[in-house]
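# Chains, contacts and geometry: an overview
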Amino acid sequence: MDDKTYRKCTHGLTIVYTGNGKGKTTAALGLCLRAVGHGNKVAIIQFIKSNWPYGEVEGLKRLGPDVHLESLGAGCIGLPGDDKPIEEHKAAAQQALEAARQTIGEANYNTVILDEIHVAAKLNLIRTQDILELIRMKPTQMNLVLTGRDAHDDVIAAADLVTEMREIKHPFQNGYLGKQGIDF
Ligand code: ATP
Ligand code: MG
């Protein structure tokens, strides 16, 4: 320990999980679990992701009414199987952004997770400025968690806690598809 004095952090944090390695969404879900254990309420709004049976969808239901999950994306963009026009992805992202504004503004949740929001900004479905406004409007006590690859430098600058997941190894490199219970 250095000779700095440390004090209790009584305000909420803006947290960014970004980078090309696996674990961003998983880390946010881990925070959700921890917060619920302290009796806090958590809202998760997912950009890009649509109603796909990720394990966490059923898993979060088991945490009961303390966790609210909304998947408002239109699915993966530009991958095989995506036949939707970009306008549809944009409209979905705008809807997710509006839900985020409302959820943060209403302040009914101690922690709000905006999953894959950085990806939505990188793909120009929303603006970086929109994310910065969400950070500014956050009630003092609320924790705001922002995940996704390619977080913008301005968002990183505005956050309190930033972790970059860096890929060192991933089974994908050896030709393995995503694994149930690990990747989805
Ligand atoms: P997770 O949801 O597993 O925490 P993530 O949020 O860090 O992953 P995303 O960029 O959202 O990663 O990608 C989601 C999917 O892509 C997951 O199935 C994940 O395992 C996979 N993935 C993540 N990182 C890599 C990587 N470096 N190479 C290949 N696939 C990856
Ligand atoms: Mg993710």
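To keep things clear, this report deals only with the structure shown in the data block. (Residues numbered from 1 in each chain as written. Chains lettered and ligands numbered in written order. Predicted model: local features only at pLDDT ≥ 70, side-chain atom pairs only at ≥ 80, totals over all residues. Heavy atoms only, no water.)

## What about the overall build of the protein?
Secondary structure summary: the protein contains six helices and six strands in total. Reading the secondary structure of the protein in the N-to-C direction produces β-α-β-α-β-α-β-α-α-β-α-β. For a compact globule of 184 residues, the expected C-alpha radius of gyration is about 16 Å, and the protein comes in at 17 Å, within 12% of that figure. Dimensions of the protein along its principal axes, counting C-alpha atoms only, are 55 × 35 × 35 Å. With 21 positive and 23 negative side-chain charges, the protein shows a separation of 5 Å between the mean positions of the two kinds. (Helix = DSSP H or I, 4+ residues; strand = E, 2+ residues; numbered from the N terminus. Rg over C-alpha atoms; globule rule 2.2 N^0.38 Å. Lys, Arg positive; Asp, Glu negative; His and termini not counted. Charge placed at Lys NZ, Arg CZ, Asp CG, Glu CD.)

## Description of the site of ligand 1
The environment of ligand 1 is made up of 13 residues, and the closest members are Lys22, Gly23, Thr26, Glu167 and Asp183. At 2.9 Å from a nitrogen atom of ligand 1 is found a main-chain nitrogen or oxygen belonging to asparagine 20. Contact distances for ligand 1 include 2.8 Å between an oxygen atom and a side-chain N or O atom of glutamate 116. Taking 570 Å² as the accessible area of ligand 1 by itself, protein coverage stands at 79%. The residue inventory of the shell around ligand 1, partitioned by class, reads one nonpolar, six polar and six charged. (Near = heavy atom within 4 Å. Polar contact = N/O pair within 3.5 Å; in protein donor to acceptor, adjacent residues only side chain to side chain. Areas by Shrake-Rupley, 256 points an atom, 1.4 Å probe, with all protein chains shown as cover. Nonpolar A, V, L, I, M, F, W, Y, C, P; charged D, E, K, R; others polar.)

These figures capture arrangement, not role.
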